[in-house]
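Letter by letter, the chains look like this.
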Amino acid sequence: MTGPTIAFFTRLLDDAPPAERYALATEQIQHAERHGVGRAWVAQHHFRAAEGGLPSPLVFLANVAAQTSRIRLGTGVVTLPLEDAVRVAEDAVVADLLAGGRIDLGLGSGGTPSSFIPFGEDVRDKASTYDRKLRLLLDALSGRDIGADNTLYPDAGSLADRIWQATFSSPGGHRAGIHGHGLLLSRTQPRSADDLHAPLSALQDPVIDAYLDALPAGIAPRITASRTVFVADDRAEALRFAEVGLRRAAEGFRRQGQTIPGDDLDELIVALDTHLGTPEQVAESLAADATLARATEVAFQVHSVDAPHAHVLRSIELFAEQVAPALGYTLTDIIKEKA
């Protein structure tokens, strides 16, 4: 039995102006492809540069597709309640055609509450809005009538088989399962006040259970578990960047109302579910994460450490060349550089 495949995830948070952020993220994805990473996921965030640099992920991925050849490209995620579902379907289809069938469409209901206002949506209604727009999106991608005898053009091909849903909850896992979609699990998530030190697996394994229970017979599970991973040549270097990035992330979560226990860096590493250090240390840390044994794909991201670009590239190399083989993760064929 082969191990999970690996993916690279980015929120495009490099400390640079937007155009440079996009160029650096593109280079990171190209670098991941060269080192046998099978998929790249990009997040969508509106309005605030500190939360993420990309409001239009499908536009970005269409450009990345033109500069890569084999790596799959996914949205992790499009915040569906803030979108026109038919436009998402149309944009995803066009991007997929331009990418040669390499697009995966990840969807979510969340997002910063204040971001709902400019789109004319009420964050309190996001669950029902998501369900309504999801039905319309699936109708469009499946070639069904979406009103007045209109159907999608170009048609979606097999894109309807490449949808993923992100969730923190068991009901969300059930919803992804009944549709036969992939399941996207976050790098970290809030703990209840009475169990602040619960392992991430205690929160995510019930989501996987609900997903698998709901999955139709004959449909293979697709479970991507994202994790904060920063691999460096020595742990001191990793800690130097984590000292800044994890403290900033903890304060951001606290402003959102979450309780992040501890203020010592070692405590923050645990509280924010971070895996960092040398390849050997990261492999040992990831091996202790019980949920990863149930994943079909492990997506590694440098957030919330947020190291500079050159160190992100090095982390990708070390993960692919040393960490993944040590854990039995599956890589694609390495792309050989031209002389």
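Scroll up to find the structure.
A brief look at the structure comes next. (Residues numbered from 1 in each chain as written. Predicted model: local features only at pLDDT ≥ 70, side-chain atom pairs only at ≥ 80, totals over all residues. Heavy atoms only, no water.)

**Some words on the overall build of the protein chain**
Here is the rule: Working definition: helices are DSSP H or I runs of at least four residues, strands are E runs of at least two. Numbering for both runs from the N terminus. Based on C-alpha atoms, the radius of gyration is set beside the globule rule, defined as 2.2 Å times the residue count to the power 0.38. Exposed residues in this analysis have more than 50% of their type's maximum accessible area, buried residues have under 20%, and partly exposed residues fall in between, with area computed by a 1.4 Å probe over protein chains only. Residues are treated as being in contact if the distance between any of their heavy atoms lies within 4.5 Å. Asp and Glu are treated as the negative residues and Lys and Arg as the positive ones, with His and the ends of the chain left uncounted. We put the charge of a Lys on NZ, of an Arg on CZ, of an Asp on CG and of a Glu on CD.
Helix and strand counts for the protein chain come out as 10 helices and 9 strands. Here the protein chain has a C-alpha radius of gyration of 19 Å; the compact-globule value for 339 residues is 20 Å, and the two agree. Principal-axis analysis of the C-alpha atoms places the extent of the protein chain at approximately 60 × 55 × 45 Å. Scored against the burial criterion, the 339 residues of the protein chain give a buried share of 53%. Long-range contacts, defined here as pairs at least 24 residues apart, represent 74% of the contacts in the protein chain between residues at least 6 apart. Averaged over its 31 positive side-chain charges, the protein chain has a centre that lies 2 Å from the centre of its 45 negative ones.

**Notes on unusual backbone geometry**
The linkage connecting Gly76 with the following residue, Val77, adopts the cis geometry, with an omega of 15 degrees. As for its position among the elements, Val77 is in strand β3 (residues 72-79). Between Tyr153 and Pro154 the backbone carries a cis peptide bond, its omega angle lying at -5 degrees. With respect to the element layout, Pro154 can be found in the loop between α4 (126-141) and β5 (163-166).

**Some remarks on the packing of aromatic side chains**
Applicable threshold: Note on aromatic pairs: the rings of Phe, Tyr and Trp (six-membered ring only in Trp) are paired at centre separations within 6.5 Å, and the planes decide the class, stacked below 30 degrees, edge-to-face beyond 60, tilted for the rest. Two conditions define a charge sitting above a ring: the NZ of Lys or the CZ of Arg must be within 6 Å of the ring centre, and it must be within 35 degrees of the ring normal.
Overall, the coordinates contain 7 aromatic pairs when judged by the stated rule. Centre to centre, the rings of Tyr22 and Phe60 are 5.9 Å apart; their planes meet at 50 degrees, and the pair counts as tilted. Note that Tyr22 is positioned in helix α1 (residues 18-34) and Phe60 in helix α2 (residues 57-66), a separation of 38 residues in sequence. For Phe60, a relative accessible area of 6% translates into the label buried. Between Phe319 and Tyr329, the aromatic rings sit 6.4 Å apart at their centres with planes inclined by 35 degrees, giving tilted as the arrangement. Placement of the pair is Phe319 in helix α10 (residues 309-327) and Tyr329 in the segment after α10, with a sequence separation of 10 residues. Phe319 sits in the buried class, given a relative accessible area of 0%. Joined through ring pairs, the aromatic side chains of Phe8, Phe300, Phe319 and Tyr329 make up one cluster. Over the aromatic face of Trp164 sits the side chain of Arg222, whose NZ or CZ is 4.8 Å from the ring centroid.

So yeah, pure geometry; function would need other evidence.
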